[in-house]
Amino acid sequence: MAGLTVADYGFGAPKTETLAVAGGEKAVTYPNDQIAALTKWPRYGDAEKKALCDLLDNNKFYEELPAFEKEWKDYTQAAFVKNHINGTSALTSMYFALDLPAGSEIMVPSYTFFATCLAMRFFGCVPIFIDINPKTATFDLEDARRKLTSRTRAVVPMHSWGLPCEMDRISEWAKEKGLIVLEDAAHAHGASMQGKKMGTWGAMGIYSFQASKGMPSIEGGVGMYQTREYFERAAAFGEYNDPVKFPKDSPVHAYEGTGFGQKYRMHPLAAALARQQLKGLDATNQLVEKNVRAMNDPLTKLAGITEPHCRADQKRVYYYRNMLLMDFKKLGFPRDALVKALKAEGVDVSFWDYPEQHKLKIYSEAKWWNHPPTIPASMPGNAYINANHIFLPLIYGDAPDLVAQYVQAFEKVWAHRSELA
Ligand SMILES: Cc1ncc(COP(=O)(O)O)c(C=O)c1O
């Protein structure tokens with residue numbers, strides 16, 4: 001593809017007429033109702049409606065749970081799978097299953113949802129906040145190397161926005177240091193690396209099926225385990241019916257009727273939704289990727305626009321939005337001016353700064369922790385990504401004209417970019 005210009009993609013020569021923000025005509029004229037239909041998420045159809053109605057009629061609610069677990073296990077090739085009420089409860093059960101001595105430290109990104117960092121608190125574990133790599137927005141192994149302590153026991157990469165962390169390098173380092181690798185794959189439904197699904201690289205991994213996620217059951221989650229021991233402990237934490245199902249020699253078998261104090265099973269209606277969504281997951285991911293490529297291939301030819309770097313052996317998916325990176329300092333105009341100009345052209349552009357966990361109140365108060373987490377003075381990777389990204393919508397249908405108009409809007413704004421300064 002090297003050497004191609006924007007015009008080579010068949011969208012015509014860069015337009016230089018007046019920007020819409022300065023009173024010119026909008027580049028995106030595609031009907032708003034059609035854009036709303038193409039970008040709507042989640043998307044449920046007749047299959048989901050039928051599955052829910054069938055369940056309400058036949059009352060076989062709880063059969064959905066093992067059926068979903070089996071299908072997810074077949075899809076991901078995980079050794080063991082357990083349904084959960086959500087991703088947060090899957091993380092809590094995972095930290096329970098670890099069974100680490102109180103005071104153990106676990107490396108987590110600060111650029112993540114609270115549950116990755118906080119759920120460990122119930123078991124006396126303490127987070128070590130790791131930065132993200134500004135080229136990928138995922139776990140920065142170099143920062144982890146710097147922050148290793150004598151109390152570090154585990155590491156939890158999170159596959160931000162569907163882009164796999166470098167699990168081969170992370171796993172190799174963790175092995176060398178005697179650390180357990182876990183995964184927060186809540187953004188990565190269908191993603192894989194070297195042919196291995198995310199969530200199966202670590203000793204344990206979790207997914208969320210919350211409404212915004214790539215395989216939404218509105219609320220829902222799952223835990224994935226490489227060993228019987230982890231599986232049985234995690235399952236027994238939140239399902240009082242499970243211990244008795246495990247072999248007599250299982251250390252949790254005797255906790256029949258109680259488990260370990262939580263009731264975390266997935267809602268059966270959510271499992272019914274998840275089963276239907278799983279059937280379409282790969283096709284949806286492919287369609288979204290096709291549209292992202294049609295948009296990003298020309299856009300990344302424009303000065304200063306890049307995508308989070310994805311290695312050739314990583315199969316990424318796109319969760320929530322199409323993230324583009326641009327170094328606003330180098331470009332010489334502020335993000336707000338760009339967003340205003342693109343919005344005026346009719347582009348649904350946004351940005352969202354991930355709340356950095358290490359800056360939130362609960363981590364600064366010693367009373368919640370075995371020992372106080374270390375709060376890093378700065379996290380340049382988080383700061384860079386938060387300040388230098390924009391989000392474009394994901395498109396869940398065939399819409400080459402809409403993609404072309406978006407590209408034209410960018411070309412037009414780029415032709416006038418000196419006016420944005
Ligand atoms: C990275 C990450 N981990 C975990 C979770 C927790 O999932 P849930 O909302 O299903 O509890 C989320 C949800 O937003 C998430 O984004």
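Definitions and limits used
- Residues numbered from 1 in each chain as written.
- Predicted model: local features only at pLDDT ≥ 70, side-chain atom pairs only at ≥ 80, totals over all residues.
- Heavy atoms only, no water.
- 1 Å grid on protein atoms, 1.4 Å probe; cavity = no way out; pocket = protein on both sides within 12 Å on 5 of 7 lines; lining within 4 Å.
- Points joined across faces, edges and corners; volume = space filled by probe spheres on them.
- Nonpolar A, V, L, I, M, F, W, Y, C, P; charged D, E, K, R; others polar.
- Axes fitted to C-alpha atoms, helices over the stretch in contact; angles between N-to-C directions.
- Helix = DSSP H or I, 4+ residues; strand = E, 2+ residues; numbered from the N terminus.
- Parallel < 35°, antiparallel > 145°, perpendicular 65-115°, else oblique.
- Left-handed = near helix turned anticlockwise from the far one by under 90°.
- Contact = heavy atoms within 4.5 Å.
- Buried < 20%, exposed > 50% of the residue type's maximum accessible area, 1.4 Å probe, protein only.
- Polar contact = N/O pair within 3.5 Å; in protein donor to acceptor, adjacent residues only side chain to side chain.
- Pairing = 2+ DSSP bridges.
- Near = heavy atom within 4 Å.
- Areas by Shrake-Rupley, 256 points an atom, 1.4 Å probe, with all protein chains shown as cover.
- Sits in = over half its atoms within 2 Å of the grid points.

Chemist: Help me understand the layout of surface pockets, please; the structure alone is not making it clear to me.
Modeler: A probe matching the size of a water molecule, rolled over the atoms, marks out where space remains unfilled. Considering only enclosed or pocket space, the largest pocket measures out at about 440 Å³ in volume. What lines the largest pocket is a set of 27 residues, and nearest its centre among them are F113, Q210, K213, Y319 and Y354. In terms of residue class, the lining of the largest pocket is made up of 14 nonpolar, 10 polar and 3 charged. Of the volumes computed, that of the second largest pocket is approximately 240 Å³.

Chemist: Hey, could you run me through the packing of helix α4 (residues 87–98) against helix α8 (residues 228–238) in this one?
Modeler: When two helices pack together, their arrangement is captured by the angle between the axes and the distance separating the axes. One way to put it is that α4 packs onto α8 with a least axis distance of 8 Å and a crossing angle of 125°. Here α4 lies oblique to α8, going by the angle between them. Crossing angle aside, the handedness with which α4 passes α8 is right-handed. In this structure, α4 uses T92, S93, F96, A97 and L98 to contact α8, whose residues at the interface are Y230, R233, A234 and F237. Of the residues belonging to the contact of α4 with α8, the class tally is 6 nonpolar, 2 polar and 1 charged.

Chemist: Is there a simple way to explain the side chain of E64 in this structure?
Modeler: For E64, the position within the fold is in helix α3 (residues 64–76). In this structure E64 comes out as buried when scored by relative accessible area, which is 13%. Polar contacts involving the side chain of E64 include one to the side chain of R275, which spans 3.2 Å. Setting aside chain neighbours within four positions, we find E64 in contact with L55, P268, A271, A272 and R275.

Chemist: Any chance you could explain the sheet that holds strand β11 (residues 314–315) here in plain terms?
Modeler: Remark on secondary structure: sheet strands pair via backbone hydrogen bonds, oriented parallel or antiparallel. Read from one edge to the other, the open sheet built from 3 strands follows the order β7-β6-β11, with strand pairing classed as antiparallel. Looking at the sheet topology across the chains shown, the edges are occupied by β7 (196–197) and β11.

Chemist: Explain the site of the ligand here, please?
Modeler: As a structural note, the neighbourhood of the ligand is formed by 16 residues, with G87, T88, D184, S208 and K213 the closest of them. The separation between an oxygen atom of the ligand and a polar main-chain atom of G87 is 2.8 Å. At 3.1 Å, a side-chain N or O of H187 approaches an oxygen atom of the ligand. A total of 380 Å² of accessible area belongs to the ligand in isolation, and the protein chains cover 92% of it. Structurally, the ligand is housed in the largest pocket. Sort the elements by how many residues they give to the shell around the ligand and α4 lands first, with 3 residues. Grouping the constituent residues of the shell around the ligand by class yields 5 nonpolar, 9 polar and 2 charged.

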